[in-house]
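# Topology and contacts: notes
Here is how the chains run, residue by residue.
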Amino acid sequence: MALWNKEQGRTFIIAEIGQNHQGSLCIAKQMIKAAKDCGADCVKFQRSNLTEKFTATALARPYTGPNSWGSTYGEHKSWLEFSIAQYRELQRFASGNDITFTASAMDAASFCELDEQLCVPFIKIGSGDADNVPLLRYAANRTIPLVISTGMQDWNHIRTIYSMFRHRNDVGLLHCVSSYPTPSEDTMLQMIPLFRHHFPELTVGYSGHELGIQLSVASVGLGAQIVERHFTLDKSWKGTDHQASLNPAEFTRMVRCIRAMETHVPDSTGSLVDQLRGVLEEEDFNERELHVALQKVGVQDRKLLDCERPCHNKLGKSLVYANDVYSGTVLAESDVMIKVSEPQGLSPLMYDSVVGKMVKLTTFKDKPILEDHF
């Protein structure tokens, strides 16, 4: 049974540490302990095998801004990656502090490591891989519980994800907008009841990147059974995720307010706003922002949003060649991978369209697959 199904009416709250640990095992442990003290049910990291997630060109690009831990993007990401042995150490530390430990699988190799070596209780598939067709198919046929975020995806593809996992009772589907931080007018919280209506077999939740806590608390009033927020010890630290993260004081208030919300789910936007006014502290309540975030939406509104384009341009994945291929090659599944590529190639959603096609030129491993190659 999935952890979020064990206690009816209790929201499963995930503290997303991600890579906010600055590459330090000591800080990561401090964050695990702090998340437990805040009332989180789970701490989540991000596991990547860099050459499986990124092409060589993407790893080699210069990356020298104020948030960089290296002169190239590959050096930067390497600084922030823990080894499997270090993950085991963190896993033991979390167990000793009585909090669930897991991670997002940022590529197929990492999924297998989390499943088979670390044996985590569930795996997160983040928004960057929500269109990774072969990874989704592989995950759908495993027995490990899953949480899937839907940032940057359109409604038709979210329906496809649902069709792949509707046979399971241990999968969480999170409404998410991949913008850091997300403007309140783009949070589209009313997607949560739409998810609940259209995808009844799955557990619906919310992965929030907005500033403050009130919209994440509001998500519970709309039916979210899983809430995930990025967590940091210090918002001034180097890194692009800290600004949209909650510090311990904020995370503690969010957990307290979510627990207060669990006793009653309002049936109208007006009553939800009134309830939030009574639950939230004055510093966390903003009625104007609430009304903007709670505006009515339809399925046609779930598409790649303008606010998500920077994330999509930086970390959206593409179809790339897994091997050197020669003119006249008919592509097999083993010839195609899905990676962050620079420049970008065809969308991962076209995976089935390119497998079985003949390429009309010679090209090389890690190069993006483009339409004019066929």
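Small disclaimer: the values here were computed from a predicted structure and weren't measured.

## As for the pairing of strand β2 (residues 42–47)
Of all 6 residues in β2, 6 are buried; the element is thus mostly enclosed. Taking every second residue as pointing to the same face, both faces of β2 are buried, with C42, K44 and Q46 on one and V43, F45 and R47 on the other. Sheet analysis places strand β1 (residues 12–18) next to β2, joined by 4 bridges and oriented parallel. Note that in β2 the partner of I14 across the bridge is C42. Tracing the backbone out of β1, into helix α1 (residues 25–38) and back to the parallel element β2 gives a crossover that is right-handed.

## Considering the domain arrangement of the protein chain
By the assigned domains, the protein chain splits into domain 1 (3–301) and domain 2 (317–373). Taken over C-alpha atoms, the centre of domain 1 sits 31 Å from the centre of domain 2. With 19 residues of domain 1 in contact, the opposing surface of domain 2 contributes 14 residues. Summed over the shared surface of domain 1 and domain 2, the number is 3 salt bridges. Here D129 makes a salt bridge to K317, at a shortest N to O gap of 2.9 Å.

## Describing the pattern of salt bridges
Taken as a whole, this structure holds 29 salt bridges when the rule is applied. The closest approach of N and O atoms between R259 and D41, which form a salt bridge, is 3.2 Å. Of the two residues, R259 is situated in helix α11 (residues 248–261) and D41 in the loop between α1 and β2; the sequence distance between them amounts to 218 residues. Through salt bridges with shared partners, one network takes in E7, R10, D41, R259 and E262.

## Observations regarding the UniProt feature "domain: AFP-like" (unreviewed entry) in the protein chain
Look at the UniProt record and you will see "domain: AFP-like" (unreviewed entry) annotated at residues 318–374. Helix makes up 7% of residues 318–374 and strand 16%, whereas the separation of the span's terminal C-alpha atoms amounts to 16 Å.

## A few points about the packing of helix α8 (residues 155–165) against helix α9 (residues 191–198)
Interhelical geometry of α8 versus α9 gives an angle of 45 degrees and a closest axis separation of 12 Å. If you check the angle between α8 and α9, you find them oblique. In this structure, α8 crosses over α9, and the sense of that crossing is right-handed. Judged by residue contacts, W155, I158, R159 and Y162 of α8 engage M191, L194, F195 and H198 from α9. Residue composition of the contact of α8 with α9, by class: 6 nonpolar, 1 polar and 1 charged.

## Points about the environment of G208
Tracing the chain through its elements places G208 in strand β7 (residues 203–208). Sequence separation between G208 and Y87 is 121 residues; the distance between their C-alpha atoms is 25 Å. Each residue touching G208, except ones within four places of it in the same chain, is listed here: E228 and R229.

## Quick word on the sheet that holds strand β3 (residues 100–105)
In spatial order, the strands read β1-β2-β3-β4-β5-β6-β7-β8; together these 8 strands close into a barrel with parallel pairing. Going from strand to strand, the sheet's axes swing by 25 degrees on average, the running direction of each strand aside. Strand direction decides the pairing type here: strand β4 (residues 123–125) and strand β5 (residues 146–149), joined by 3 bridges, are parallel. By the bridge assignment, I125 is partnered in β5 with I148. Strands in contact with helix α10 (residues 214–221) are β7 and β8 (226–230); relative to β8, the strand with the most contacts, it is inclined by about 170 degrees. Here α11 sits on the sheet and contacts β1 and β8; the angle it forms with β1, its principal contact strand, is near 160 degrees.

What counts, and at which threshold
- Residues numbered from 1 in each chain as written.
- Predicted model: local features only at pLDDT ≥ 70, side-chain atom pairs only at ≥ 80, totals over all residues.
- Heavy atoms only, no water.
- Buried < 20%, exposed > 50% of the residue type's maximum accessible area, 1.4 Å probe, protein only.
- Helix = DSSP H or I, 4+ residues; strand = E, 2+ residues; numbered from the N terminus.
- Pairing = 2+ DSSP bridges.
- Right-handed = clockwise from strand over helix to strand, strands pointing away.
- Domains from an automatic or database assignment.
- Contact = heavy atoms within 4.5 Å.
- Salt bridge = Lys/Arg side-chain N within 4 Å of Asp/Glu carboxyl O.
- UniProt positions renumbered as here; feature names shortened; annotations may be inferred.
- Axes fitted to C-alpha atoms, helices over the stretch in contact; angles between N-to-C directions.
- Parallel < 35°, antiparallel > 145°, perpendicular 65-115°, else oblique.
- Left-handed = near helix turned anticlockwise from the far one by under 90°.
- Nonpolar A, V, L, I, M, F, W, Y, C, P; charged D, E, K, R; others polar.

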